[in-house]
Amino acid sequence: MTDRYIAFANSNVGRRLVGAFGLPAPVRLERWSAGRTRPVDGALLLGGVGNLGEAVLGFSQRLTDAVYAAVEGQYGLPRWTAEHGPKLKAMVFDASGLAGFDQLIELRNFFQAALKGLDLCPHVVILGRAPESLKDPIAASVQRSLEGFSRSLGKEIRRGGNVQLLYVGKGAEDQLEGALRFFLSPKSAYVSGQVIRLSAYAGQVQDWSRPLVGKRALVTGAARGIGAAIAETLARDGAEVVLLDVPPAKDALDALAARLGGQGVALDICAPDAGEKLVEALPEGVDIVVHNAGITRDKTVAKMSEAFWSSVIDVNLKAPQVLTQALLDAGKLHDDGRVVLLASISGIAGNLGQTNYAMSKAGLIGLAQAWAPALGKKGISINAVAPGFIETQMTAAIPLTIREAGRRMNSMGQGGLPQDVAEAVAWFAQPGSGAVSGQVLRVCGQSLLGA
Ligand SMILES: NC(=O)c1ccc[n+]([C@@H]2O[C@H](COP(=O)([O-])OP(=O)(O)OC[C@H]3O[C@@H](n4cnc5c(N)ncnc54)[C@H](O)[C@@H]3O)[C@@H](O)[C@H]2O)c1
């Protein structure tokens, strides 16, 4: 479960050897640590063409106290140059005003200069308008072209940096702070090359240090791995947590629930009465439901037994649908609730030996997309998080050579940690995150698989 190569590549001797032999040199990624308050620990560079930059300017001082502009006088900010400015920890480029092909040069001009002054683990966000919301075909094409740019920049940035594209809908400007607090901070350390659409939404976070205060969250498969990290992170953010796992995992489940001041529910999510039992265990209902429990039973389809096939579909796909429906029918999923489904990049790219697993995970993405409009009427959002290679007991069981390939085949040259997935789930769980629904966020270091 530990990646010894990262420690080696970042040691004094290792750094020299890695350089001499041209080996991959993964950077030790910065993660969010408890007690931290500022999303950006260093300089933020703001630039671009459009009116979203002004919206960011309005709250930028809450992100960091060092905000600069790339152009003299822009936004009334001090000018940044690579020669005279501090190293950059974050960049926001407003591309929403780009409407003609010739204007795209602005991206090259801004980033060519900015890339000369990067700090370690810099975070980049490009802001645009969703192409489908624009009438002018050229403007729509220009906005769509931002995807190719941002994904390529994610592959070029290095130094442990990441790049995302946010399409901001009309009226969603007041949801930018929540999104940037995630995407510009180490909470999104292992997320890169992603495209997310924000829509207008009334909910707002009241206290950024504990955004989930007053919310009750259910996490399935919470006894270990990613589920345990999700429970810890939601509790850190102020939620009261209900942890669910299979009866044989009861001891580990109860110990974690006790440590987090939550409740443990020992239940097999595929049991015929699972919906009923879950509703009984949640008399006061829930605000956040995280369907994390999942299994793999890998075989090529030629050798796949019916039991392998069915068990994966039952746990990974049917149970989340059945349990969510049971909570809805019993009125136990509160209005303005949040549903997060743990998918996988296998469900996007496909993977050898995983027809059953990839199918179940693609099905979850379909569920999020199909259910979003109806649930949205109650202010409930539903999204999928698709992890790539995450260091857990699940991936520790993969044979060494395949494991090493899985770990390195992404823009960051390393596997992610359960905390990386948990931070993405915690962002989706926030009151303001109703602005995002029916979408998939990959937490995969911009994996070459399906990225
Ligand atoms: N680890 C990765 O790299 C990775 C990558 C992509 C997606 N995922 C997904 O993330 C989720 C968590 O993965 P993980 O690596 O932490 O797995 P894990 O095997 O370490 O933990 C899964 C948990 O789910 C529980 N569970 C399984 N079947 C259950 C059932 N029928 N009822 C209740 N609980 C059940 C298990 O007891 C276990 O505690 C899974 O959905 C997995 O498919 C993981």
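Residues numbered from 1 in each chain as written. Predicted model: local features only at pLDDT ≥ 70, side-chain atom pairs only at ≥ 80, totals over all residues. Heavy atoms only, no water.

As annotated in an unreviewed UniProt entry, the chain carries the name 3-oxoacyl-[acyl-carrier protein] reductase and comes from Pseudomonas delhiensis.

Student: A description of the UniProt feature "domain: Ketoreductase" (unreviewed entry) in the chain should follow, citing residues and the corresponding values.
Tutor: The positions UniProt marks with the feature "domain: Ketoreductase" (unreviewed entry) are residues 215-388. Measuring from the first to the last C-alpha atom of residues 215-388 gives 28 Å, for a span that is 46% helix and 22% strand. (UniProt positions renumbered as here; feature names shortened; annotations may be inferred. Helix = DSSP H or I, 4+ residues; strand = E, 2+ residues; numbered from the N terminus.)

Student: Got a sec to walk through a nonpolar patch on the surface? Specific residues and values, please.
Tutor: On the surface, Val301, Trp309 and Met359 cluster together to form a nonpolar patch covering roughly 270 Å² of accessible area. By secondary structure assignment, the location of Met359 is in helix H12 (residues 355-376). For Met359, a relative accessible area of 38% gives the class partly exposed. (Patch = residues over 30% accessible without salt bridge, like charges linked within 9 Å, V, L, I, M, F, W, Y side chains within 5 Å. Areas by Shrake-Rupley, 256 points an atom, 1.4 Å probe, with all protein chains shown as cover. Salt bridge = Lys/Arg side-chain N within 4 Å of Asp/Glu carboxyl O. Buried < 20%, exposed > 50% of the residue type's maximum accessible area, 1.4 Å probe, protein only.)

Student: For the site of the ligand, give the residues involved together with the corresponding values.
Tutor: As a matter of local geometry, the ligand sits amid 27 residues, with Arg224, Ile226, Asp245, Asn292 and Tyr357 nearest to it. Here Tyr357 contributes a side-chain N or O atom positioned 2.6 Å from an oxygen atom of the ligand. One of the side-chain nitrogen or oxygen atoms of Thr392 is found 2.9 Å away from an oxygen atom of the ligand. Coverage of the ligand by the protein chains reaches 92% of its 820 Å² of free accessible surface. (Near = heavy atom within 4 Å. Polar contact = N/O pair within 3.5 Å; in protein donor to acceptor, adjacent residues only side chain to side chain.)

Student: Could you give me a rundown of the side chain of Asp245, with the residues and numbers involved?
Tutor: Topologically, Asp245 is positioned in strand S8 (residues 240-245). At 6.7 Å, Arg224 is the nearest oppositely charged side chain to Asp245, a buried residue that forms no salt bridge. Apart from the residues lying within four places of it in its own chain, the contact partners of Asp245 are Gly221, Ala222, Ala223, Leu253, Val265, Ala266 and Leu267. (Lys, Arg positive; Asp, Glu negative; His and termini not counted. Contact = heavy atoms within 4.5 Å.)

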